[in-house]
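Fold and contact review
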Amino acid sequence: MSKPIKPYGDTLDDGAVQLSFTLPVPWSDAADEAARRLVAKMGFSDVAVADGRPIAGAYSFFVVYAHTAQAVDFSSVSVPSTKTHALSMEEVDALISRTLGRKVRVAGACIGTDAHTVGIDAILNMKGYKGDYGLERYHGFQTYNLGSQVSVEELVRFAGEKQLDVILASQVVTQKGSDVANFTALVELLEAEGMRDGILLLCGGPRMTNLLATELGYDAGFGRGTLPSEVAAFIATRLAARRSPPPERASSL
């Protein structure tokens, strides 16, 4: 059944939205009007500049309210999820022990020139995030946190040396698509080295989605708010599935 949805502001389906952006002009009444006209050209109606102010140099920042007549059929939206398996730490460790018989070797790194380790630390470090313990606390993982500003070449070389089962690549900086470029470079180098099929490849970042990750050639992607236990459960179940024998086909004789 079709389920069209629209933005909700004051009343249901009123199509109210809030936009914010910067224009490369000093703030003035004319700048406010330029911002209003720009949003109107985008197809929005009832456009109103709620706030306009000068920022560094000859730039202005704006918050604009407007309405849209557009809707999306929510029933037609299907996105693969990485959060389908809820397992406790003990269940993850038991699954790894039963299916692999050894620790899973997993390395995480902030790739490229990114120096922001908050995400990778939250997933890997023992203390974890929001009371959810990181992978270092699990008995089933041998964890390597390579830190920040790790080149894709260095990461791939490390993966070969340690015979990694899992790579978790992270990037917080997204300006000019640098995250997509670096994530793509990692996939391509692993493929060129003949290592891609043997590694469970994961990526994460504030703008990462599982859908985008799979489009880039990753096994999964984790975005904002991800808990370490969600990553641990995904790794354990996916590796277990890879090692399970395929179901026997019924004989036609």
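Below, the structure is looked at part by part. Only a predicted model underlies this, so the values are computations on that prediction, with no experimental measurement involved. Residue indices follow the written sequence of each chain, beginning from 1 at its first position. For this predicted model, a pLDDT threshold of at least 70 governs which residues receive local features, and a threshold of 80 or more governs which side-chain atom pairs are given and counted, while totals over whole chains, interfaces and linings are taken from all residues. Derived side-chain values reflect all non-hydrogen atoms in the structure, with water molecules and hydrogen atoms excluded from consideration.

On to the overall build of the protein, then. Note on conventions: DSSP H or I runs of at least 4 residues are helices, E runs of at least 2 residues are strands, and numbering of each starts at the N terminus. From N to C terminus, the protein includes 7 helices and 10 strands. Atoms counted for the radius of gyration: C-alpha only. Globule rule: 2.2 Å times residue count to the power 0.38. What you see for the protein is a C-alpha radius of gyration of 23 Å, clearly larger than the 18 Å of a compact globule of 253 residues, by over 25%. For the protein, the C-alpha atoms occupy an extent of roughly 70 × 50 × 40 Å along the three principal directions. Looking at the 253 residues of the protein, the share that counts as buried comes to 38%. Here, Shrake-Rupley sampling with a 1.4 Å probe gives the accessible areas, and only protein chains in the shown set may cover a residue. Split by element, the accessible area of the protein, about 14,500 Å² in all, is 53% carbon and sulfur. Any residue under 20% of the maximum accessible area for its type is buried, any over 50% is exposed, and the rest in between are partly exposed; the area is computed with a 1.4 Å probe on protein chains only.

What follows is about helix α7 (residues 228–243). In a helix, the anticipated span is given by 1.5 Å times the number of residues less one. Across its 16 residues, α7 extends 23 Å between first and last C-alpha, which sits within 8% of the 22 Å expected from 1.5 Å per residue. Most of α7 sits out of view: 12 of its 16 residues are buried. Considered for burial, the residues of α7 that qualify are P228, S229, E230, V231, A232, A233, F234, I235, A236, T237, L239 and A240.

Grouped together as the largest cluster of nonpolar side chains are 28 residues, with contacts concentrated most on V92, V104, L135, F141, V166, L202 and I235. At the level of secondary structure, the elements contributing two or more residues to this core comprise α2 (89–99), β6 (104–110), α3 (118–124), β8 (166–170), β9 (200–204), β10 (220–222) and α7. Take this core: its biggest share by element is 8 residues, from α7. Residue contacts are defined here by distance: any two heavy atoms, one from each residue, within 4.5 Å place the two residues in contact. Residue contacts for L135: discarding those within four places in its chain leaves V106, I123, L124, N125, F141, T143, P228, A232 and I235. Membership of the second largest hydrophobic core comes to 24 residues, among which are A107, V150, F183 and M195. Definition used in this section: a nonpolar core is a set of buried Ala, Val, Leu, Ile, Met, Phe, Trp, Tyr and Cys residues joined via side-chain atoms within 4.5 Å.

What follows concerns the pairing of strand β3 (residues 45–55). Paired strands are those between which DSSP finds at least two bridges. Here β3 pairs with strand β4 (residues 59–67) via 8 bridges, running antiparallel. Residue pairing across strands places I55 opposite Y59, the latter belonging to β4. Here β3 folds back onto β4, and the loop between the two strands holds 3 residues, one of which, G57, carries a positive phi near 65°.

Backbone-to-backbone hydrogen bonds pair the strands of a sheet. The strands run either parallel or antiparallel. Taken in spatial order, the 3 strands line up as β2-β4-β3 in an open sheet, and their pairing is antiparallel. Whereas interior strands pair on both sides, the edge strands pair on one side only; in this sheet they are β2 (16–23) and β3. Ignoring strand direction, the axes of neighbouring strands in this sheet form an average angle of 20°. Note on method: axes are straight lines fitted to C-alpha atoms, helices fitted across the in-contact stretch only, with angles between N-to-C directions ranging 0 to 180 degrees. Across the sheet, helix α1 (residues 29–41) lies against β2, β3 and β4, angled at about 125° from β2, the strand it touches most.

This brings us to the pattern of salt bridges. One speaks of a salt bridge when a side-chain nitrogen belonging to Lys or Arg is within 4 Å of a carboxyl oxygen belonging to Asp or Glu. Per the counting criterion, the structure on display carries 6 salt bridges. The partner of R102 in a salt bridge is D165, with the nearest N and O atoms 2.9 Å apart. Of the two residues, R102 sits in the loop between α2 and β6 while D165 sits in the loop between α4 (152–162) and β8, which places them 63 residues apart along the sequence. In this structure R102 comes out as partly exposed when scored by relative accessible area, which is 31%. Judged by its relative accessible area of 6%, D165 falls in the buried class. Through salt bridges with shared partners, one network takes in E33, R36 and R37.

Where α4 meets helix α5 (residues 178–192), the axes come as close as 10 Å, and the angle between the chain directions of the two elements is 40°. Comparing the axis directions of α4 and α5 gives the class oblique. The handedness of the crossing between α4 and α5 is right-handed. Two secondary-structure elements touch here, α4 through V152, E153, L155 and V156 and α5 through N182, A185, L186, L189 and L190. Orientation labels follow simple angle bins: below 35 degrees gives roughly parallel, above 145 gives roughly antiparallel, 65 to 115 gives roughly perpendicular, and whatever is left gives oblique. Helix crossings fall into two classes, left-handed where the near helix is turned counterclockwise from the far one by less than a right angle and right-handed where it is turned clockwise.

Sheet architecture is open: 5 strands sit in the order β7-β6-β8-β9-β10, paired in parallel fashion. In the strand order of this sheet, the two ends are held by β7 (141–145) and β10, each with one partner. The average undirected angle you get between the axes of adjacent strands in this sheet is 20°. Here β8 pairs with β9 via 5 bridges, running parallel. Bridge pairing in β9 links V166 to L200. Sheet strands touched by α7: β6, β7, β8, β9 and β10. Its angle to β9, the strand with the most contacts, is close to 160°.

Within the patch definition used here, like charges are joined within 9 Å and nonpolar side chains (Val, Leu, Ile, Met, Phe, Trp, Tyr) within 5 Å, considering only residues with over 30% relative accessible area and no salt bridge. On the surface, a cluster of nonpolar side chains totalling about 490 Å² of accessible area is made up of I5, V72, F74, V77, V79 and L211. For I5, the position within the fold is in strand β1 (residues 4–5). Classification of I5 as partly exposed rests on a relative accessible area of 34%.

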